[in-house]
Protein chains: 2
Amino acid sequence: MKRPTIADIAQRAGVSKGAVSYALNGQPGVSESTRRRVLAIAKEIGWNPNGAARALSGAPSDTIGMVLRRPARILGVEPFFMELISGVEAELSARSYALTLQVVADQAAEIEVYRRWWGERRVDGVLVCDLRVDDPRITALADLSLPTVVVGSLGEVAGLVSVWSDDAAPVVEAVEYLNALGHRHIARVGGLPDLRHTAVRTEAFEEVCRRLNVEPALTIPTDYTGEDGARATRRLLSSPRRPTAILYDNDVMAVAGLAVAHEMGFSVPGDVSLVAWDDSVLCQLVHPPLTAMSRDIPAYGGHAARRLLDVIAGGSVASLQDVAAHLIPRGSTAAPAPRA
Amino acid sequence: MKRPTIADIAQRAGVSKGAVSYALNGQPGVSESTRRRVLAIAKEIGWNPNGAARALSGAPSDTIGMVLRRPARILGVEPFFMELISGVEAELSARSYALTLQVVADQAAEIEVYRRWWGERRVDGVLVCDLRVDDPRITALADLSLPTVVVGSLGEVAGLVSVWSDDAAPVVEAVEYLNALGHRHIARVGGLPDLRHTAVRTEAFEEVCRRLNVEPALTIPTDYTGEDGARATRRLLSSPRRPTAILYDNDVMAVAGLAVAHEMGFSVPGDVSLVAWDDSVLCQLVHPPLTAMSRDIPAYGGHAARRLLDVIAGGSVASLQDVAAHLIPRGSTAAPAPRA
DNA sequence: CTGAAAGCGCTTACAG
DNA sequence: CTGAAAGCGCTTACAG
């Protein structure tokens, strides 16, 4: 059986298609009685608006998009993304907006997806994550004039709205805390060096270490996976001048690092203190529970979604600096044991 | 500036819109030279197909949908969903299909979303999860004749394709293993009793316990959250006839249960053995690492996505039984200590 | 308040 | 191989 259209409703109601459209959309131009009759018929015959036809007439898609350039399988293990997405969803679902996700292999493909989505009016706007140090997506998006909100600090780019939090301050907080405990040799297991927030953290790390005379402030780059984090930890704990404390750029690597410490016979925090960035259940459930840089990631995602909805609505929207992550000390950090 | 359309291309190329359409879509009906010229012009002026217009002419949306009826925030903590989605994405992204997610509050809203998506041709098909014991979505979906693949065992429903795995066998495997270790008092912390797979597991649990004379085979229902899992564990470990082994219906609850055991001063596996269902990094990184019912969830999602694509393509598609989860013994299970 | 009509950007028979 | 035209299901000025 064919899907009913407004023409069917119009015929049954004995009015024009235009009148039906006005009635259905709550627009002025029809009498209350006609409107009621039209609505009743629409319901009765199971009419649903045809989004394609609406879109062709310029209506919004009520969908926002997010392109993720990561191996698809990483989504399942890295809590950050899911928490971010859950926060975005919470905000969107309250307004019956949908979220369209697409995973791509590289940057060219990502830009191509934006181009296509916008060309096809498939999304009303996009959320952009994982800013690179030098990121061609920024200008591509600006060229498209696709409503965009950047999640993460953007620097000075005219016209683009971002929701971000300070990545440097938490690093400083953690290092100062460890230094106060007596640590003089702190290493860091960092994320992808190409990412902008990694660069910010690395710089902050080196600067605060220099200021506090904590040397050599080594950062080992990784791809964020637990495997890479384990490898980096093994390397650090095997080195002749073993650090007494390690900062990790995410929670998965910190937990993996903890397992490596145990495996190598080091006690935590007796032999080495560990600090995670991003605080998921993971951190709280291992033994000892991990000291972590904690922030409300779903809220972060929610802010970004709300901002994007505002941009789409056409308002003049300012960037938002969310609260920075802050240190939650737990059992994985303590004063270093005196060396034998 | 206005977005270019095939009319613009037609004008520049000096051919009709129809010819442009054929050229762009690789259809016969234009000469090779015309096709090349059209393609070149399209590229030059930055033409993108208008999806709405295509959809209005009956083209597919190249998008599949998934409605999740869970609190949005749970997405971030429950590894199962993200792993499933990552597997789905891996399959889809290879074919440039997008995934649209929508989180809803209740079943009525979920069915409404299906109705709307299908009415609007926003998706070519949907993946349905978390089957209930008595699930009105099944008939609703069948009525819509929306291409659907059910993730999870469906029972005998004509016409619907499902991708599922045996939920009973792993329960039997785990209980037999624990029984062989000498456990005579095994409890279970189950999921939402309303879910079909929970019901299947509960029944299998009671049956195998009866067969092996392992009593009383108590299942405590939960909502799958770590908090509920902790509460259930506290109750079990406080009871006068404390079980010597506990099965959990997901990994988050098992890890939370482990923390409770430690908090109450019980040793694992000395005082109580623990078994998780679903095996994420979580299970492997806690101490002791958890014995778990393991399965490849991303692969499961991938199978479901591929099946759905086949259904959409119109082929006659059979349901797929994926391999069942199997027990991976780790440090959290051992023979029970003799009671004092 | 209502009707008739054009237009959104494509696809696809139907003639030449 | 190509052109002219109808149609997909809406929305929205424009007349009455």
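Above this text sits the structure in question.
Since the model is a prediction, treat every value here as computed from it, not as a measurement.

Next up on the list: the relation of the copies chain B and chain A. Overlaying chain B with chain A gives an RMSD of 0.1 Å, the required rotation being 180° about an axis along which the chain moves by 0.0 Å. A rotation of that kind, with that shift, is consistent with a two-fold axis. Most of the interface of chain B is mirrored in chain A: 100% of its interface residues are interface residues there too.

The next subject is the sheet that holds strand β9 (residues 273-277) of chain B. Residue and element names in this part refer to chain B. Taken together, the six strands give an open sheet; going across it, the order is β7-β6-β8-β9-β10-β12, and neighbouring strands pair in mixed fashion. Every interior strand has two partners, whereas the edge strands, β7 (219-221) and β12 (326-328), have only one. With strand direction ignored, the average angle separating the axes of adjacent strands in the sheet is 20°. As defined by bridge partners, strand β10 (residues 291-294) adjoins β12 across three bridges and the pair is classed as antiparallel. In the strand pairing of β12, A292 is matched with I328. Most of the contacts of helix α9 (residues 196-211) go to strand β6 (residues 186-190), to which it runs at about 175°, and overall it touches β6, β7, β8 (245-248) and β9. Relative to β9, helix α11 (residues 251-263) is tilted by about 160°, and along the sheet it contacts β6, β8 and β9.

All names here are of chain A. The final tally for this structure, using the stated rule, is 34 salt bridges over all chains. The salt bridge involving E32 is made with R36; its shortest N-O contact spans 3.9 Å. Here E32 and its partner R36 are both found in helix α3 (residues 32-44), four residues apart, which amounts to about one turn of the helix. Judged by relative accessible area, E32 falls into the partly exposed class, the value being 45%. Overall, R36 belongs to the exposed group, its relative accessible area being 55%. We note a salt bridge from R211 to E176, for which the minimum N-O separation is 3.0 Å. Placement of the pair is R211 in helix α9 (residues 196-212) and E176 in helix α8 (residues 168-181), with a sequence separation of 35 residues. For R211, a relative accessible area of 52% puts it in the exposed group. Beyond isolated ion pairs, a larger network of salt bridges with shared partners links D167, R188, R201 and D249.

Here we take up α3(A). Residues and elements named next belong to chain A. With 13 residues, α3 ought to run about 18 Å at 1.5 Å a step, and its terminal C-alpha atoms sit 18 Å apart, in line with that. Buried residues of α3: T34, R35, V38, I41 and A42, and no others. Down the axis of α3, the sector holding all buried residues measures 135°, keeping them to one side. The exposed set on the far side of α3, more than 90 degrees from its buried face, consists of R36, K43 and E44. Of the surrounding elements, those touching the buried residues of α3 are α1 (6-13) and α2 (17-24). Immediately beyond the C-terminal end of α3, within one or two residues, lies G46, with a positive phi of roughly 70°.

A word on the protein's contact with DNA strand D. Looking at DNA strand D, there are 24 residues lining it, with I6(A), K17(A), S21(A), W47(A) and G29(B) nearest. Taking all atoms of DNA strand D within 4 Å of the protein, the share assigned to sugar and phosphate is 59%. The contact in question runs from a phosphate oxygen of DNA strand D to an N or O atom on the side chain of N25(A), over 3.1 Å. Between a phosphate oxygen of DNA strand D and a side-chain N or O atom of R54(A), the distance comes to 3.0 Å. Going through the elements one at a time, α2 and α4 (51-56) of chain A are the ones with two or more residues in the surface near DNA strand D.

Contact residues are listed per partner, giving 44 residues for chain B and 45 residues for chain A. When chain B packs against chain A, the two sides together hide about 4,200 Å² of surface, and 61% of this comes from carbon and sulfur. When the buried area of chain B at its contact with chain A is split by residue, R3(B), M82(B) and L285(B) rank highest and sum to 13% of it. Scanning the region where chain B abuts chain A turns up zero salt bridges. By residue class, the composition of the side of chain B that touches chain A is 22 nonpolar, twelve polar and ten charged. Bridge count between strand β2 (residues 98-103) of chain A and strand β2 (residues 98-103) of chain B: three bridges; the pairing is antiparallel. Among the inter-strand pairings, L99(A) is bridged to a residue of β2(B), identified as L101(B).

Conventions and cut-offs
What you see as residue numbers is a count from 1 along each chain, following the sequence as written. Labels follow written order: the first chain is A, the first ligand is 1, and so on. Since the coordinates come from a predicted model, pLDDT governs what is reported: local features require at least 70, and pairs of side-chain atoms require 80 or more to be given and counted, while whole-chain, interface and lining totals use all residues. Side-chain measures were taken over the full set of non-hydrogen atoms in the model, leaving aside hydrogen atoms and water. Here the copies are matched by least squares. The fit uses the C-alpha atoms of residues with pLDDT of at least 70 in both. Any two residues having at least one pair of non-hydrogen atoms within 4.5 Å are treated as being in contact. Two strands are counted as paired when DSSP detects at least two bridges linking them. Strands are runs of DSSP state E lasting at least two residues, helices are runs of H or I lasting at least four, and both sets are numbered from the N terminus onward. Axis definition: a line fit to C-alpha positions, over the contact stretch in the case of helices; interaxial angles, taken between N-to-C directions, run 0 to 180 degrees. Salt bridges are identified by distance alone: a Lys or Arg side-chain nitrogen within 4 Å of an Asp or Glu carboxyl oxygen. Residue exposure (1.4 Å probe, protein chains only): buried if accessible area is under 20% of the type maximum, exposed if over 50%, otherwise partly exposed. A helix is expected to reach a length of 1.5 Å times the quantity of its residues less one. Here the arc refers to the set of directions running from the helix axis out to each C-beta atom. Throughout, near means a residue has at least one heavy atom within 4 Å of the molecule or strand. As used in this structure description, the phrase polar contact means that two N or O atoms lie within 3.5 Å; if the pair is within protein, one of them must be able to donate a hydrogen and the other to accept it, and residues adjacent in sequence are counted only when both atoms belong to side chains. By buried area we mean how much accessible surface two parts lose on assembly, using a 1.4 Å probe and totalling the loss over both. Each residue gets one of three labels, nonpolar for Ala, Val, Leu, Ile, Met, Phe, Trp, Tyr, Cys and Pro, charged for Asp, Glu, Lys and Arg, and polar for the others, Gly among them.

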